[in-house]
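A structural walkthrough
Here is how the chains run, residue by residue.
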Amino acid sequence: PPAYQPPASTPPTAPPPAGYAPPPAAYAPPSAPAPAPKKKKTWLWIVIGLVVLGLLGCCGIAIAGGFLFAGSAQPADTIETLNQAALDRDATTFDQYIDAESVSTAAYEQFIQYIMTTEDYTLLVDELGEAEAERVLREEVLPRDSFIEELSAEFSFAGLEEDTVPFPEYTISSTTIDNDTAEVTLTTVEDGEEVEYVLGMTKETVGEEEIWVIKEIKNIDEMLQEQLGI
């Protein structure tokens, strides 16, 4: 074993200088100054708030618009409204949903064009020439104003008999909507026979309500031909 070595003696500590006082036990060294509180960017929060409100507003409008569209009147509703107005003897509502003059005006041109394809009209053209034959047709054979007046009376509320409806026992086979115009094809049962209507409609605003108004019966020339037997 190694030889025993006595521990080295600790050198004496020098005495504190005269007048020295130790620091108090609770003393803590000074720390760095705390940073000043940041100013709130009020304008930024206002802008963000406006943007959020704007987005919420857009969403609300979209949602409301969706519900409004889902619950708004459809072209097929016009048929039921007209039938109910007829039963209720409500002339104001009835005449709002069908424009008898427009229907009759469109019918006149359709009927004129059909007559021009008949053999009798061809013979008239051979005898008088095209211009004179058309004048005779429009002014003497089928005057426009008289035709529209008489047909308008048939399609107005006044032309309906009591306890009858314009579209009895109807079934709708097709509906086509193109912006503010629509075409509805339906079949009714009148006097035990089926009658097909092809209706042209336009969306219009009446008061604060949007409704679909019948402006044309697109196959009325065929219906008139059948009725008149020509």
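Note that the coordinates shown come from a computational prediction; the quantities given were computed from them, not determined experimentally. (Residues numbered from 1 in each chain as written. Predicted model: local features only at pLDDT ≥ 70, side-chain atom pairs only at ≥ 80, totals over all residues. Heavy atoms only, no water.)

On to the overall build of the protein chain. Secondary structure assignment for the protein chain yields eight helices and four strands. Counting over 230 residues, the protein chain shows a buried share of 25%. If you take every contact in the protein chain between residues at least 6 apart in sequence, the share linking residues at least 24 apart comes to 55%. When the accessible surface of the protein chain is summed, it comes to about 16500 Å², and 58% of that surface belongs to carbon and sulfur atoms. (Helix = DSSP H or I, 4+ residues; strand = E, 2+ residues; numbered from the N terminus. Buried < 20%, exposed > 50% of the residue type's maximum accessible area, 1.4 Å probe, protein only. Contact = heavy atoms within 4.5 Å. Areas by Shrake-Rupley, 256 points an atom, 1.4 Å probe, with all protein chains shown as cover.)

So, on to the packing of aromatic side chains. Counting across every chain of the model gives five aromatic pairs. Each ring, one from F94 and one from F157, has its centre 5.8 Å from the other, and the planes form 65°; the classification is edge-to-face. Placement of the pair is F94 in helix α3 (residues 91–97) and F157 in the loop between α7 (144–155) and β1 (171–178), with a sequence separation of 63 residues. With respect to class, F94 is no different from F157; both count as buried. Here the aromatic rings of F111 and F147 are separated by 6.2 Å at their centres, their planes lie at 20°, and the arrangement is stacked. With F111 in helix α4 (residues 100–115) and F147 in helix α7, the pair connects residues that are 36 residues apart, well separated along the chain. For the pair shown, F111 and F147 are each scored as buried. (Phe/Tyr/Trp six-rings, centres within 6.5 Å; stacked < 30°, edge-to-face > 60°.)

Within the largest apolar cluster, 40 residues are counted, with the highest numbers of intra-cluster contacts made by F94, F147, F155, F167, L199, M201 and I214. Here the element with the most residues in this core is α4; it accounts for eight residues. Excluding residues within four positions of it along the chain, M201 makes contact with P75, T78, I79, D180, T181, A182, V184, W212, V213, I214 and K215. (Core = buried A, V, L, I, M, F, W, Y, C linked by side-chain atoms within 4.5 Å.)

Along the polypeptide, T185 turns up in strand β2 (residues 181–190). Of the residues examined, T185 reaches a relative accessible area of 9% and is grouped as buried. With near-sequence residues (within four places) excluded, T185 lies in contact with T171, I172, S173, S174, E196, Y197 and V198.

Looking at where Q110 falls in the secondary structure, it is placed in helix α4. Q110 has contacts with E216, I217, K218, N219, I220 and D221, leaving out every residue within four places of it along the chain.

With that out of the way, let us pick up the pairing of β1. Counting buried residues along β1, only zero of its eight residues qualify, which leaves the element largely exposed. Where β1 lies against β2, seven bridges are found, and the strand directions are antiparallel. Residue pairing for β2: T175 is matched across the bridge by V184. Between β1 and β2, which pair antiparallel in sequence order, lie two residues; one of them, N179, sits at a positive phi of approximately 55°. (Pairing = 2+ DSSP bridges.)

The next thing to look at is helix α2 (residues 75–88). Across its 14 residues, α2 extends 21 Å between first and last C-alpha, which sits within 8% of the 20 Å expected from 1.5 Å per residue. Listed as buried for α2 are P75, T78, I79, L82, N83, A85 and A86. Relative to the axis of α2, the buried residues are bounded by an arc of 165° and lie together on one face. Looking one or two places after α2, you find R89, whose phi comes out positive at around 55°. (Expected span 1.5 Å × (residues − 1). Arc of directions from axis to C-beta.)

Attention now moves to the sheet that holds β1. If you walk across this open sheet you meet the four strands as β1-β2-β3-β4, and the pairing is antiparallel. What marks the edges here is a single partner per strand, and that holds for β1 and β4 (209–217). Shown here is a sheet whose adjacent strand axes are inclined to one another by a mean of 30°, direction ignored. In this structure, strand β3 (residues 193–206) lies alongside β4, joined through eight bridges in antiparallel fashion. Each bridged residue has a counterpart across the sheet, and for K203 the counterpart in β4 is W212. Contacting β1, β2, β3 and β4, α2 runs over the sheet at an angle of about 85° to β4. (Axes fitted to C-alpha atoms, helices over the stretch in contact; angles between N-to-C directions.)

Turning our eyes to something else, we now look at helix α6 (residues 130–141). Buried within α6 are the following residues: A133, V136 and L137. For α6, the arc enclosing every buried residue in end-on projection is 100°, short of the 170-degree limit, so these residues lie on one face. Seen from the buried face of α6, the exposed residues on the opposite side, beyond 90 degrees, are A131 and E139. Those residues of α6 that are buried lie in contact with α4 and α5 (119–128).

Spatial relationships are all this shows, so hold off on functional conclusions.
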